[in-house]
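The chain contents come next:
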Amino acid sequence: MSDFEPFYDVNRTYEDNYAQGPFGAFAEALKSGTAGEEEELGKAGESFLGQPVNLAFGIPAGPLLNSRYTTAAFRMGFDLATYKTVRSRAWGCNPFPNVLAVHPTSADGSLTPGSAELDEGVLADTNYEQPISISNSFGVPSQNPDVWQPDMKAAIAAAGPGQVLVPSFQGSRVEGMSEEDYIADHATTARLVKETGAKLMVMNTSCPNEGHNRLLCHNPLLVGRITEAVKNEIGDTPLMIKLAFIPSDDDLELMVRSTVGRGTVQGFSTINTISAKLVDKDGNQALPGAGRDRSGVCGSAIRGAGLEMVRRLAALRERLGLDFAINGVGGVVSPEDYAAYKAAGADSVMSATGAMWDAELAHKIKASL
Ligand SMILES: Cc1cc2nc3c(=O)[nH]c(=O)nc-3n(C[C@H](O)[C@H](O)[C@H](O)COP(=O)(O)O)c2cc1C
């Protein structure tokens, strides 16, 4: 892997990546070429939340830090490029390092939600190997809206024919905030996103915002109230919610009923990372600093969990007779993984870790169809 340069360089700080990236093939694509020029597949019926696209495949919130990254992604044939999650205010990043390679012990390298290994410790180090699994620990940093709003506008304008810029946002919980303030912060951020000219948006409910290892999406009724406030702000602009793995079928059904069932949400994107205790080869905490004994794992290890969530959501959609989009995310590193998500019921598919380690992934998937 030594001659390989991911477009997000895990050996540099987040701030350096923001200021200097993207790197590798994405940097080359940014210097030359026009968005989407050779990508037209002319496939009938491909769309994302009502927007026609060449292929409903792309990169989810995370490695595309600003408009230079999203524009490069478009030029590399990723027709859906998600602008990394923004907030209503500037927000700092967790200390470096933010990414480590992870090595689950199972024969196929998978991590199963609820398994003992997640609490006992998974080896994490800097030996990046294929099929790639990593941990990411950023804390969802954001620029101030004064910075990200004009940049998001530029990102939207850089989409080629059949390509869509997907904005991602989330609420921010700060000391002394009431629940009403927290709900209002989501609505404010959604309005700031809409002001950029966004045609749709994804709201992240799956980062550990609610305290150690507790996620907003584990509280479906609160998500229901938040999406109602957001809907009041953005009107008919389609809203997708990003979900982590939700183990209980009852909770998942309650999530669907309290959002789609009330007309506030048009789709789900799932999954986000799976939380695991990360240890070095001596069994010590792998990431430095308080509160970082656990971190989110993504990439190949979580594909089984992602496919399971998509299958369960597709079954609920059928049983409840509701109409919503499913965006499949988690461990897509090859055309076969893309096909598996489509077969599981996903309307669109995205890859973060897989795309970071293979800038040609969109081209490979298109060539396989
Ligand atoms: C470097 C990195 C940063 C991420 N940051 C975010 C984020 O800001 N918001 C979000 O909703 N998900 C974030 N994610 C999660 C991804 O969107 C995705 O759900 C997860 O990585 C699983 O997909 P994968 O296996 O293809 O990586 C991030 C992932 C990576 C790799």
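Residues numbered from 1 in each chain as written. Predicted model: local features only at pLDDT ≥ 70, side-chain atom pairs only at ≥ 80, totals over all residues. Heavy atoms only, no water.

**Topic: the overall build of the protein**
- Along the protein, the regular secondary structure elements total twelve helices and 15 strands.
- Here the C-alpha radius of gyration of the protein, 19 Å, is about what a compact globule of 369 residues would show, namely 21 Å.
- Across its three principal directions, the C-alpha atoms of the protein cover 50 × 45 × 40 Å.
- The 369 residues of the protein split such that 59% are buried.
- Across the protein, contacts joining residues at least 24 apart in sequence account for 75% of those joining residues at least 6 apart.
- Of the roughly 14500 Å² of accessible surface on the protein, 49% is carried by carbon and sulfur atoms.
- One finds the centroid of the 31 positive side-chain charges in the protein at a distance of 4 Å from the centroid of its 45 negative side-chain charges. (Helix = DSSP H or I, 4+ residues; strand = E, 2+ residues; numbered from the N terminus. Rg over C-alpha atoms; globule rule 2.2 N^0.38 Å. Buried < 20%, exposed > 50% of the residue type's maximum accessible area, 1.4 Å probe, protein only. Contact = heavy atoms within 4.5 Å. Areas by Shrake-Rupley, 256 points an atom, 1.4 Å probe, with all protein chains shown as cover. Lys, Arg positive; Asp, Glu negative; His and termini not counted. Charge placed at Lys NZ, Arg CZ, Asp CG, Glu CD.)

**Quick look at the nonpolar core**
- Among the nonpolar cores identified, the biggest contains 105 residues, and Phe26, Phe57, Phe78 and Phe268 are the most heavily contacted of them.
- Top contributing element to this core by residue count: helix α9 (residues 303–320), with eight residues.
- Other than its neighbours up to four places away in sequence, phenylalanine 268 contacts Met240, Ile241, Leu243, Met255, Val256, Thr259, Val260, Leu313, Phe324, Ala325, Ile326 and Asn327.
- Membership of the second largest hydrophobic core comes to 13 residues, among which are Phe48, Ala56, Met240 and Met350. (Core = buried A, V, L, I, M, F, W, Y, C linked by side-chain atoms within 4.5 Å.)

**Section: the site of the ligand**
- Around the ligand, a shell composed of 21 residues is seen, among which Ala61, Thr85, Gly299, Gly331 and Thr353 lie nearest.
- Residue glycine 331 places a main-chain N or O atom 2.7 Å away from an oxygen atom belonging to the ligand.
- The contact in question runs from an oxygen atom of the ligand to an N or O atom on the side chain of threonine 353, over 2.6 Å.
- Look at the ligand: alone it shows 600 Å² of surface, and the protein chains cover 98% of it.
- Contributing elements (two or more residues each) for the shell around the ligand: β4 (80–86), β13 (294–299) and α11 (353–356).
- Residue classes in the shell around the ligand are distributed as nine nonpolar, ten polar and two charged. (Near = heavy atom within 4 Å. Polar contact = N/O pair within 3.5 Å; in protein donor to acceptor, adjacent residues only side chain to side chain. Nonpolar A, V, L, I, M, F, W, Y, C, P; charged D, E, K, R; others polar.)

**What about the sheet that holds strand β5 (residues 99–103)?**
- Pairing within the closed barrel is mixed, and its five strands lie in the order β5-β6-β12-β13-β7. Strand-to-strand twist across the sheet, computed as the mean angle between neighbouring axes with direction ignored, equals 50°.
- In this structure, strand β6 (residues 122–125) lies alongside strand β12 (residues 274–279), joined through two bridges in parallel fashion. Along β12, the bridge assignment pairs leucine 123 with valine 279. (Pairing = 2+ DSSP bridges. Axes fitted to C-alpha atoms, helices over the stretch in contact; angles between N-to-C directions.)

**Points about the environment of aspartate 9**
- Tracing the sequence through the fold places aspartate 9 in the segment before α1 (14–20).
- Its relative accessible area of 12% is what places aspartate 9 among the buried residues.
- In this structure, the C-alpha to C-alpha distance between aspartate 9 and aspartate 119, residues 110 residues apart in sequence, is 29 Å.
- Ignoring anything within four residues of it in the chain, the contact list for aspartate 9 reads Asn17 and Phe23.

**A word on the sheet that holds strand β14 (residues 325–329)**
- Pairing within the closed barrel is parallel, and its eight strands lie in the order β3-β4-β8-β9-β10-β11-β14-β15. Geometrically, the sheet is characterised by an average inter-axis angle of 25° between neighbouring strands, direction not taken into account.
- When strand β8 (residues 164–169) meets strand β9 (residues 201–204), the two strands line up parallel, connected through two bridges. Its bridge partner being in β9, phenylalanine 169 is matched across the sheet by methionine 203.
- Its contacts with the sheet put helix α5 (residues 145–157) on β4 and β8, and the angle it makes with β4 is roughly 175°.
- In the packing of helix α7 (residues 220–234) onto the sheet, contacts are made with β8, β9 and β10 (239–243), and the angle to β10 comes to roughly 150°.

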